[in-house]
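# Chain and residue survey
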Amino acid sequence: MDSKQFGELALIMKAAYHSQNFLIDKESVAVWFELLKDMDYEVCKQAVLRHISMSKFPPTIADIRGAASENKHHNDCEAGKAWDMVYKAIGNSIYNSAEEFEKLPPLAQKAVGSPGNLRELAMADEESVLCEKGRFVRKYDIYAQREKEFDAMPPSVRNLIGQTKEKMIEG
């Protein structure tokens, strides 16, 4: 989003919240812009409008980033729908586990672990597969929550986390 678009969002927020302590000076506006400028304008605008319609208190930067991240992930598969896809993949994974694994969405792949796990489940009895469903749903929900939180962070923080991970792997 550019500064003009952010200015429009700031006007919307100031019109909705008449607090004298909200975006009171150029410095606070600059901080807000710096921490939101990486976001798509329309996504950010929807998050602002959603907040305005649901809260009588002015938003924080975290409120807007969080709402935008929620909107982004709202269309993603829920754990139950993801399990349905995994269950279908299990049915065809004795000989085609790699291909079936590749067809799964990234979060489902993380929760399953590997094509080998799909193959093992294809050879397991129904009770074992049902037990795996519970584990899958828990893992999927954890990964989905982590992804939402990561996406809500400003790019500078995400880059710092990536650099820290690289250093940990190297050292």
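This text goes with the structure placed above it.
Residues numbered from 1 in each chain as written. Predicted model: local features only at pLDDT ≥ 70, side-chain atom pairs only at ≥ 80, totals over all residues. Heavy atoms only, no water.

### Regarding the packing of helix α5 (residues 79–90) against helix α9 (residues 126–152)
Running from N to C, α5 and α9 cross one another at 140 degrees; their axes reach a closest spacing of 10 Å. On the basis of the axis angle, α5 is oblique to α9. Where α5 crosses over α9, the handedness of that crossing is right-handed. From α5, Ala79, Ala82, Trp83, Val86, Tyr87 and Ile90 reach across to α9, where they touch Glu126, Val129, Glu132, Lys133, Phe136, Val137, Tyr140 and Asp141. (Axes fitted to C-alpha atoms, helices over the stretch in contact; angles between N-to-C directions. Helix = DSSP H or I, 4+ residues; strand = E, 2+ residues; numbered from the N terminus. Parallel < 35°, antiparallel > 145°, perpendicular 65-115°, else oblique. Left-handed = near helix turned anticlockwise from the far one by under 90°. Contact = heavy atoms within 4.5 Å.)

### Description of the pattern of salt bridges
Enumeration over the complete set of coordinates arrives at 5 salt bridges. Salt-bridge contacts for Arg65 lead to Asp38; the nearest nitrogen and oxygen are separated by 2.9 Å. With a gap of 27 residues between them, Arg65 in helix α4 (residues 61–74) and Asp38 in the loop between α2 (26–36) and α3 (41–54) connect regions that are remote in the sequence. Judged by relative accessible area, Arg65 falls into the buried class, the value being 5%. With a closest N to O distance of 3.4 Å, Asp38 and Arg158 form a salt bridge. Pair noted here: Asp38 is in the loop between α2 and α3 and Arg158 is in helix α10 (residues 155–170), with a separation of 120 residues, a long-range link. (Salt bridge = Lys/Arg side-chain N within 4 Å of Asp/Glu carboxyl O. Buried < 20%, exposed > 50% of the residue type's maximum accessible area, 1.4 Å probe, protein only.)

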